[in-house]
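What the coordinates show
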Amino acid sequence: GDFNPDDAQCEGPLDTYAVSAGLFAAKSVGYLTLDPGGTFYKTHPYEMEKIFLTGRMLTLIFSLLEIYLVYRVGRDFFKPAVGILASAFLAVMPIEMIQGTYMRSHALANVFLLLSVLIAHRIATGKAGMWLYVLAGVSTAAAFSTRISMIFVGGIFIAAEILRWKKENTSRTLLLEDVSR
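The following paragraphs examine the structure supplied in this document. None of the values given here were measured: they were computed from a predicted structure.

Quick word on the packing of helix H4 (residues 45-77) against helix H7 (residues 106-124)
Two elements in contact, H4 and H7, have axes whose closest approach is 8 Å; the angle formed by their N-to-C orientations is 25 degrees. It follows that H4 is roughly parallel to H7 by the angle criterion. Our pair here, H4 against H7, has a crossing hand that is left-handed. The residues of H7 that touch H4, namely those facing Thr59, Phe62, Ser63, Leu65, Glu66, Leu69, Val70, Arg72, Val73, Asp76 and Phe77, are Ala107, Leu108, Asn110, Val111, Leu114, Leu115, Val117, Leu118 and His121. Residues belonging to the contact of H4 with H7 are distributed by class as follows: 13 nonpolar, four polar and three charged.

Structure below.
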């Protein structure tokens, strides 16, 4: 059959829901016909092409978001030139182009991973409000729900919180030393 146990071990359900939402949107605007029976597609093979094209468009959208987020990571961590260079390298990277031609969860998972890195950077630099911690939880859950291997994304936030705490305590220690002199 079509069930591949290797994919079942690494693909989470969120990508399937994202593709399903994209297919429903394409159906809603009249671009394609969705039919639960298998015989319709045997007599209308061009509809399968539309389904694959819709999935590839979604992957393209996720890949473009990924390129933008790489730019933001480079800009926020270093400077705008680094962000531009990093996003340009990602845009022409062969594996990115290869994965972009299939309806796979890699691009969406990377979007949530990069979003998590950006949120963790804001937490580590002390620019975090409660809403940012909620967004951190949502991005971690979304990354894990997209690809099982993204379970370690939550560790980024633990490290960011430790860095923030260390930075605050170092500042307090230096302030107390100055006051005591």
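Description of the pattern of salt bridges
Evaluated as defined, the whole model comprises four salt bridges. Glutamate 47 is the salt-bridge partner of lysine 50, the closest N and O atoms lying 3.4 Å from each other. With a gap of three residues between them, lysine 50 and glutamate 47 both fall in helix H4, about one helical turn apart.

A word on helix H5 (residues 80-92)
Taking 1.5 Å of rise per residue, the 13 residues of H5 would be expected to cover 18 Å, and the 19 Å separating its terminal C-alpha atoms lies within 8% of that figure. Along H5, the residues that are buried comprise Gly83, Ser87 and Leu90. One side of H5 carries all its buried residues, which in axial view fall inside an arc of 60 degrees. Those residues of H5 that are exposed and aimed more than 90 degrees away from the buried face are Ile84, Phe89 and Val92.

Remarks on the packing of H4 against H5
Helices that pack against each other are described as a pair by the angle of their axes relative to one another and the distance between those axes. Interaxial distance between H4 and H5 falls to 7 Å at its minimum, and their mutual angle equals 150 degrees. Compared by their axis directions, H4 and H5 come out roughly antiparallel. Seen along the crossing, H4 lies across H5 with a hand that is right-handed. Two secondary-structure elements touch here, H4 through Glu66, Ile67, Val70, Tyr71, Gly74 and Arg75 and H5 through Pro80, Val82, Gly83, Ile84, Ala86, Ser87, Leu90 and Ala91. In terms of residue class, the contact of H4 with H5 is built from nine nonpolar, three polar and two charged.

Calculation criteria
- Residue numbers run consecutively from 1 along every chain, following the written order of its sequence.
- At least 70 in pLDDT is required for a residue's local features to be given in this predicted model, at least 80 for side-chain atom pairs to be given and counted, and no such filter applies to totals for whole chains, interfaces and linings, which use all residues.
- Heavy atoms throughout the structure, all of them, feed into the side-chain values; hydrogens and water do not.
- Working convention: axes come from line fits to C-alpha atoms, limited for helices to the stretch in contact. Angles between N-to-C directions cover 0 to 180 degrees.
- The numbering of helices and of strands both runs from the N terminus, where a helix is a DSSP run of H or I of at least 4 residues and a strand a run of E of at least 2.
- The scheme is simple: roughly parallel for angles under 35 degrees, roughly antiparallel for over 145, roughly perpendicular for 65 to 115, oblique for anything else.
- Two helices that cross are described as forming a left-handed crossing if the nearer one is turned anticlockwise from the farther one by less than a right angle, and a right-handed crossing if clockwise.
- Contacts are residue-level and defined by heavy atoms, with any inter-residue pair within 4.5 Å sufficient.
- Gly is placed with the polar residues, together with every amino acid not listed as nonpolar (Ala, Val, Leu, Ile, Met, Phe, Trp, Tyr, Cys and Pro) or charged (Asp, Glu, Lys and Arg).
- Salt bridges are defined by distance alone: a side-chain nitrogen of Lys or Arg within 4 Å of a carboxyl oxygen of Asp or Glu.
- Here a helix's expected span is defined as the number of its residues, less one, multiplied by 1.5 Å.
- Three labels apply to residues, based on accessible area from a 1.4 Å probe with only protein chains included: buried if under 20% of the type maximum, exposed if over 50%, partly exposed otherwise in between.
- Directions drawn from the helix axis to the C-beta atoms are what define this arc.

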